Amino acid sequence: MTQEIQIINQAVDTYKEHYYPNMQLTQSEMIDFNDFVTDLIALKKEAQNIKSYNGDERYLTETINNHKFHIMSTSQKGFAVTIKNGDVSISFKRFKKITKQPCIKVEYRADYLARYGYVKCVTQMQSFLKEIIPHTYSIASEIHLCTDIQNYDFTIMDFFRMKTRSRKKEVYMEADSNAYFDGMKFTGFVLGAGNFMVRVYNKTHEIKKFPDKSFVKPSRWLVNDNYDENKEVWRIEVQIRRDKLKHLFNEKGYLENSTTCLNSIPDIWDLFMQKFEHKNLDDNSVIEIMKGYRTLKNGSKKILSKYAIRKRFQRSELSPVWNKIETFFHTKGKNLSYQEEISKPSVLYVKNSLKSVVSTLTKHMRGKFDPLLLADIFEEANEEQKKHKGFSIFDGARIKTIDYFNEAKVYYEKMSKQGLIIEDDFKKFENDLEKNILEVFSLAYLKDIPSKEALNEYNKRLGYEKRCS
């Protein structure tokens, strides 16, 4: 009889964040912070004089705000100095003005998070850093969530039961998917890349091999009544970094904001459960997928196409494992929305586009450049667009500009509510756009009169029907 799968631990296993100075920071507070970092750099230089082949042993011990730290002889890339203790690693750098560059980087150790939980750890860190620099905001740069289970032992066949909805994975074994063995013992697999990935591995085996990772056993497993010390524990761990977080948002805001990220943990977990699915395929189906063909009754072999494999996954239900672990902290996550980062228009893009046009035309002319031919091509393209869409290239460009502005407005409003972005010239862009579009409505440019179709498109995007009627 199959035993019920037991969840014996769910936790934030890794968390990293960056702190940025905000506009409330005074000049005096900035100077105090820079002086603090300068003092640490002096201690770092002393630590560099320590002779040791082991870089981790080259440090000086210092008490900072009643907490002991090692001032390391080396620092994180992009930062001037790094301090460490058994709980965290913190890196600092000086700055001269308020910019969008971080001045502090914090990495929480997994055992610290396991002992106290992420809420207490982050709260303690915020209190500690506030004494060093009082006005900052924090951005989540990386977070790992994990679920530890018993009564299900993964095998190499489970690697082929995994389906991801990522467009990069049509076949279920690629360069960014790895299965791991220790001798002949299967120990786990990885799906995805560093910014967005899933690890499934034998946590019991890992602890035996690396005893320093055994902190999870007394702090998490032994306190769970369902834990059976005679059975192995398997961990499903998900990892997401800022490159993905900054595009995800919910009603609380964008997930790169530390507070929003930590308040959206079930949503993050649910996203992975949707993107990486463990399917309830029987052993025979998995073996056929692994081999790439199935054997017919007459003994002949029939190749399984990508389409046939994809349909098998689509028809198959989720496995009991994925059904069991669908929630995080007993909470079913809500769907997250995705939006690409909005970049500001720049004359650099215009220059590069112009270079591209000149280069392409010169190739077309076999080494010759003819500006008159370029004008003819433009007229031809303009007429084609009018015939196809009902409006000119100029009108099409204005319509795209309005679309860009509408997207940017939503993006900046959401970001500004979190104190993450300050766009001084965004209001000016809005005013100039409105002024220029109104000039189009007033037919100020006689050589560039918009068509009825173009005016309709303007109306849809700007809501000017009443103003122009």
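Preceding block: the structure.
Parameters and conventions
Residues numbered from 1 in each chain as written. Predicted model: local features only at pLDDT ≥ 70, side-chain atom pairs only at ≥ 80, totals over all residues. Heavy atoms only, no water. Helix = DSSP H or I, 4+ residues; strand = E, 2+ residues; numbered from the N terminus. Buried < 20%, exposed > 50% of the residue type's maximum accessible area, 1.4 Å probe, protein only. Contact = heavy atoms within 4.5 Å. Areas by Shrake-Rupley, 256 points an atom, 1.4 Å probe, with all protein chains shown as cover. Salt bridge = Lys/Arg side-chain N within 4 Å of Asp/Glu carboxyl O. Polar contact = N/O pair within 3.5 Å; in protein donor to acceptor, adjacent residues only side chain to side chain. Core = buried A, V, L, I, M, F, W, Y, C linked by side-chain atoms within 4.5 Å. Pairing = 2+ DSSP bridges. Phe/Tyr/Trp six-rings, centres within 6.5 Å; stacked < 30°, edge-to-face > 60°. Lys NZ or Arg CZ within 6 Å of the ring centre and 35° of its normal. Axes fitted to C-alpha atoms, helices over the stretch in contact; angles between N-to-C directions. Parallel < 35°, antiparallel > 145°, perpendicular 65-115°, else oblique. Nonpolar A, V, L, I, M, F, W, Y, C, P; charged D, E, K, R; others polar.

Once that is clear, we can look at the overall build of the chain. The helix and strand tally for the chain stands at 18 helices and 18 strands. Per-residue burial over the chain gives 42% buried out of 469 residues. Intrachain contacts of the chain at a sequence separation of at least 6 include 68% that bridge at least 24 residues. Accessible surface for the chain amounts to roughly 27000 Å². Of this, 52% is attributable to carbon and sulfur atoms.

Before going further, it helps to examine the pattern of salt bridges. Applying the stated criterion across every chain, the model contains 21 salt bridges. For Glu-107, the salt bridge goes to Lys-105, with nearest N and O atoms at 3.3 Å. One exposure class covers both Glu-107 and Lys-105, and it is buried. Across the pair Glu-142 and Arg-241 runs a salt bridge whose closest N-O atoms are separated by 3.1 Å. Of this pair, Glu-142 sits in strand β7 (residues 136-150) while Arg-241 sits in strand β12 (residues 234-241), and the two are 99 residues apart along the sequence. Because the salt bridges share partners, they merge into one network encompassing Asp-13, Asp-148 and Arg-235.

Moving on, we get to the side chain of Asn-257. Within the secondary structure, Asn-257 sits in the loop between β14 (253-254) and α8 (258-262). Classification of Asn-257 by relative accessible area gives buried; the value is 10%. A polar contact of 3.0 Å, which involves the side chain of Asn-257, links it to the backbone nitrogen of Thr-260.

Not every positive phi belongs to a glycine, and Phe-329 is a case in point at roughly 55 degrees. Mapping Phe-329 onto the fold places it in the loop between α12 (320-324) and β18 (337-338). For Phe-329, a relative accessible area of 31% gives the class partly exposed. For His-330, which is not glycine, the phi dihedral falls at a positive 60 degrees. Looking at where His-330 falls in the secondary structure, it is placed in the loop between α12 and β18.

Here we take up the nonpolar core. Within the largest apolar cluster, 77 residues are counted, with the highest numbers of intra-cluster contacts made by Ile-90, Phe-92, Ile-104, Tyr-108 and Ile-143. Counting residues per element, this core draws most heavily on helix α1 (residues 27-47), at seven residues. With sequence-adjacent residues up to four places away left out, Ile-143 is seen in contact with Val-12, Thr-14, Tyr-15, Val-238, Gln-239, Ile-240, Cys-261, Leu-262, Ile-265 and Ile-268. Residues Ile-399, Ile-402, Phe-405 and Ala-454 belong to the second largest nonpolar core, which totals eight residues.

With that settled, the discussion passes to the sheet that holds β14. Strand order in the open sheet formed by three strands is β14-β13-β18, with antiparallel pairing between adjacent strands. Whereas interior strands pair on both sides, the edge strands pair on one side only; in this sheet they are β14 and β18.

Among the structural elements, Gly-188 can be located in strand β10 (residues 185-193). Separated by 48 residues in the primary sequence, Gly-188 and Ile-236 have C-alpha atoms spaced 9.6 Å apart.

The element strand β1 (residues 6-21) is largely enclosed, with a buried count of 14 among its 16 residues. Bridge count between β1 and β7: 14 bridges; the pairing is antiparallel. Along β7, the bridge assignment pairs Asn-9 with Asp-148. With five bridges connecting them, β1 and strand β6 (residues 104-108) associate as antiparallel partners. Across the sheet, residue Tyr-19 finds its bridge partner in β6, namely Ile-104.

Let's shift gears to the packing of aromatic side chains. According to the stated counting rule, one finds 24 aromatic pairs in the structure shown. The ring of Phe-79 carries the charged tip of Lys-93 above its face, separated from the ring centre by 5.4 Å. In this arrangement the basic side chain of Lys-213 is found over the ring face of Phe-210, its NZ or CZ atom lying 5.6 Å from the centre.

This part takes up the pairing of β6. Taken across its five residues, β6 has five buried, putting it largely inside the fold. With burial as the criterion, each face of β6 is covered, one bearing Ile-104, Val-106 and Tyr-108 and the other bearing Lys-105 and Glu-107. Alignment of strand β5 (residues 88-92) against β6, held across five bridges, turns out to be antiparallel. What sits directly across from Ser-91, in β6, is Lys-105.

Two elements in contact, helix α13 (residues 347-364) and helix α14 (residues 371-389), have axes separated by 11 Å at closest approach and are oriented at 105 degrees. Our classification of the angle between α13 and α14 gives roughly perpendicular. Along the contact surface, α13 presents Val-357, Leu-361 and His-364, while α14 presents Leu-373, Leu-374 and Ile-377. Taken together, the residues of the contact of α13 with α14 sort by class into five nonpolar, one polar and no charged.

An α-helical turn contains 3.6 residues, so any two residues separated by three or four positions project in the same direction. Of all 11 residues in helix α9 (residues 265-275), nine are buried, a share of seventy percent or more. Taken residue by residue, α9 has Ile-265, Pro-266, Asp-267, Ile-268, Trp-269, Asp-270, Leu-271, Phe-272 and Met-273 as its buried positions.

We now examine the environment of Ile-393. Mapped onto the secondary structure, Ile-393 falls in helix α15 (residues 393-417). Overall, Ile-393 belongs to the partly exposed group, its relative accessible area being 28%. Separated by 15 residues in the primary sequence, Ile-393 and Phe-378 have C-alpha atoms spaced 9.1 Å apart. Setting aside residues no more than four positions away along its own chain, Ile-393 makes contact with Phe-378, Ala-381, Asn-382 and Gln-385.

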